[in-house]
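An overview of the molecular structure
One letter stands for each residue in the lines below.
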Amino acid sequence: MTAITLSPSLDPDVQRVGRELIGEVLRACDPGVLVRGAVDFDPFDSPTHVLAFGKASAGMARACAQGLEDRFAGGIVLCPDAMIPESRDQRVRYFGVDHPSPTARNVEATKSLVEYARSIPSTDACIVCISGGGSAHLCSPRSGVTLEQIVQTTKALNASGATIHELNQARRSLETLKAGGLADLLTGLQRCSAVVLSDVLGDDLSTIASGPMVNPAHLVEHTIVGNHMTALDASVRFLNARGCMVGFHTGMVSGDSSEQGRILAERFMDSDKSACVIAGETTVDTAGATGIGGPCIEMAISCALALAESGDLDWVCIGLATDGIDGPTDAAGGILTGEMMTSLVNQQVARKLLADHNTLAFLDTIGGTIRTGPTGTNLNDLCLVVPRGVFLG
């Protein structure tokens, strides 16, 4: 269970209900639960191997091993260090890898995965578990391309606020396993399929982790077990259970984080104070700024500032990155109340730090930071604003 850390200065009711809501969302996004609920393991009637990469890879691989029972033949998992289990199945080799930019150890881990893939007997089967972050984790530079070229391209695109589609398109031109390259390695097996936890709006399989199993020459069955709507639906169920009407919700939010925060505030003000929930993947164009912040934090602060400037202080706003890591920060997001934004000084500081993309400092100062550490899942971002009364009693 993910530990959810909130500031002790936060109102006790807001702390309690906030933890309950965040916990409910993260439980719904648990990759093991999602895999076990969506994947039929019965057709795998031969020894079956598992290859997994992405932020949810450890949980997905573990669920596959459990589902396969005595048919599980072993596997390779590329995952964040924090997700490597202390007690592990000896048939599985784990490699700690980095994100958002690939590192030398990502390349070495990928070489081990490739060697393992090539060693699978043709009479065996393979399940490939793919989740967000997989593009950085699975890194195999093309001949003549250096790791530094890939890193600099990734950093430049991230800093410019590039979409995941733009980022992965660049990666495909620089690496061998993207765009169906991994499927090439696995052709000829008795059975091969992909299990996917999508972090891409619209679930475009060629974009998720840069489509390593999407190859027109080798059609591979893909099962999408969860996406951003998983998080959104969980939050709506939680609010409904507390008697809160959700007047507006959408799972197709993209573009500038601050702008989406302002739009969310407008929705709330126009909804007769019913809850408003959005999910998706927004971006921040830092344009050379040196501050520390993330898309969820910016979205939540922007929403809170717009509401405060309107004179409305009767609300709670939460921005949450389901992977527990909002941009380059150590925070999962932020939780803000009208009381935090009453002060004109706080509003002025928020305005300035939003412009500087230094929003983590503001959240830490007012006691609104959410910290979970890596959650072992990755289903994009969630932001909601609800009437203050939902967090009472």
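**As for the sheet that holds strand E7 (residues 246–256)**
Reading across from one edge, E7-E8-E12-E9-E10-E11 is the order of the 6 strands in this open sheet, with mixed pairing throughout. Each having just a single partner strand, E7 and strand E11 (369–370) make up the two edges of the open sheet. Along the sheet face, helix H9 (residues 228–241) touches E7, strand E8 (275–283) and strand E12 (381–387) and points at about 150 degrees away from the line of E7.

**A word on the pattern of salt bridges**
Inspection of the entire model under this criterion finds 18 salt bridges. Between Asp-11 and Arg-388 there is a salt bridge; the shortest N-O distance is 3.4 Å. With a gap of 377 residues between them, Asp-11 in the segment before helix H1 (12–28) and Arg-388 in the segment after E12 connect regions that are remote in the sequence. Residue class for Asp-11 comes out partly exposed when judged on its relative accessible area of 30%. Among the residues examined, Arg-388 registers a relative accessible area of 9% and is labelled buried. We note a salt bridge from Arg-16 to Asp-13, for which the minimum N-O separation is 3.6 Å. Linking Arg-16 with Asp-13, this pair stays in helix H1, spanning 3 residues, or about one helical turn. Residue Asp-13 is classed as partly exposed on the basis of its relative accessible area, which comes to 26%. One network of salt bridges, in which partners are shared, links Asp-13, Arg-16, Glu-20 and Arg-242.

**Some remarks on the packing of aromatic side chains**
How two aromatic rings sit relative to each other is given by the distance of their centres and the angle of their planes. All told, the structure shown has 0 aromatic pairs when counted by the stated rule. Here Arg-191 stacks its cationic end above the ring of Phe-44, 4.9 Å away from the centre of that ring. The ring of Phe-248 has Arg-267 sitting right over it, with the charged end atom 4.0 Å from the ring centre.

**Focus: the nonpolar core**
The nonpolar side chains of a soluble globular protein tend to be buried, and buried together. Core analysis: the largest hydrophobic core is formed by 92 residues, its most contacted members being Val-35, Ile-127, Leu-239, Trp-315, Leu-336, Met-341 and Val-385. Per-element accounting of this core gives the leading share, 10 residues, to helix H11 (residues 295–309). One finds Ile-164, Leu-177, Cys-192 and Ala-209 within the second-largest nonpolar core, a separate group that totals 31 residues.

**Focus on the environment of Lys-155**
Following the sequence through the fold, Lys-155 ends up in helix H6 (residues 147–159). Sequence separation between Lys-155 and Leu-167 is 12 residues; the distance between their C-alpha atoms is 9.7 Å.

**A short note on the pairing of strand E9 (residues 315–321)**
Of all 7 residues that make up E9, 7 are buried, and the element is covered over most of its length. Of the two faces of E9, the one carrying Trp-315, Cys-317, Gly-319 and Ala-321 and the one carrying Val-316, Ile-318 and Leu-320 are both buried. Inspection of the sheet shows E9 paired to E12 by 7 bridges, in the antiparallel sense. Bridged to Leu-320 within E12 is Leu-382.

**A look at helix H13 (residues 359–366)**
Residue pairs three or four apart in sequence face the same way in an α-helix, which turns once every 3.6 residues. The complete set of buried residues in H13 reads Thr-359, Leu-360, Phe-362, Leu-363 and Ile-366. Looking straight down H13, one finds that the buried residues subtend no more than 160 degrees of arc, so they occupy a single side. The elements touched by buried residues of H13 are H11, strand E10 (333–337), helix H12 (344–355) and E11. Phi turns positive one or two residues past the end of H13, at Gly-367, with a value near 80 degrees.

**As for the state of the cysteines**
All told, the structure shown has 0 disulfides when counted by the stated rule. Cys-79 takes part in no disulfide bond, and the closest cysteine sulfur, belonging to Cys-129, lies 12 Å away. Classification of Cys-79 by relative accessible area gives buried; the value is 0%. The structure places no disulfide on Cys-317, whose sulfur is separated from the nearest cysteine sulfur, that of Cys-303, by 3.9 Å.

**Here's the deal with the side chain of Arg-71**
With respect to the helices and strands, Arg-71 occurs in the loop between helix H3 (57–68) and strand E2 (72–79). No salt bridge is formed by the buried Arg-71; the nearest opposite charge belongs to Asp-70, separated by 4.4 Å. In terms of polar contacts, Arg-71 uses its side chain to reach the backbone carbonyl oxygen of Leu-68, at 3.0 Å. Each residue touching Arg-71, except ones within four places of it in the same chain, is listed here: Phe-41, Asp-42, Phe-44, Asp-45, Ser-46, Pro-47 and Thr-48.

**Side note on the sheet that holds strand E6 (residues 221–226)**
The strand order across the open sheet built from 6 strands is E3-E2-E1-E4-E5-E6, with neighbouring strands paired in parallel fashion. Across the chains shown, the open sheet's two edge strands, defined by having one partner strand only, are strand E3 (92–96) and E6. Each strand axis lies, on average, 15 degrees off the axis of its neighbour in the sheet, ignoring direction. Judged from the 6 bridges that link them, strand E1 (residues 48–53) and E2 form a sheet pairing that is parallel. Its bridge partner lying in E2, Thr-48 is registered against Phe-72.

**Considering the packing of H11 against H12**
Packing of H11 against H12 leaves a shortest axis separation of 10 Å and a crossing angle of 140 degrees. In terms of axis orientation, H11 runs oblique to H12. The handedness of the crossing between H11 and H12 is left-handed. Between H11 and H12, the contacting residues are Glu-298, Ile-301, Ser-302, Leu-305, Ala-308 and Glu-309 on the first element and Gln-347, Ala-350, Arg-351 and Leu-354 on the second. For the contact of H11 with H12, the per-class residue count stands at 5 nonpolar, 2 polar and 3 charged.

Conventions used here
Residues numbered from 1 in each chain as written. Predicted model: local features only at pLDDT ≥ 70, side-chain atom pairs only at ≥ 80, totals over all residues. Heavy atoms only, no water. Pairing = 2+ DSSP bridges. Helix = DSSP H or I, 4+ residues; strand = E, 2+ residues; numbered from the N terminus. Contact = heavy atoms within 4.5 Å. Axes fitted to C-alpha atoms, helices over the stretch in contact; angles between N-to-C directions. Salt bridge = Lys/Arg side-chain N within 4 Å of Asp/Glu carboxyl O. Buried < 20%, exposed > 50% of the residue type's maximum accessible area, 1.4 Å probe, protein only. Phe/Tyr/Trp six-rings, centres within 6.5 Å; stacked < 30°, edge-to-face > 60°. Lys NZ or Arg CZ within 6 Å of the ring centre and 35° of its normal. Core = buried A, V, L, I, M, F, W, Y, C linked by side-chain atoms within 4.5 Å. Arc of directions from axis to C-beta. Disulfide = S-S within 2.5 Å. Lys, Arg positive; Asp, Glu negative; His and termini not counted. Polar contact = N/O pair within 3.5 Å; in protein donor to acceptor, adjacent residues only side chain to side chain. Parallel < 35°, antiparallel > 145°, perpendicular 65-115°, else oblique. Left-handed = near helix turned anticlockwise from the far one by under 90°. Nonpolar A, V, L, I, M, F, W, Y, C, P; charged D, E, K, R; others polar.

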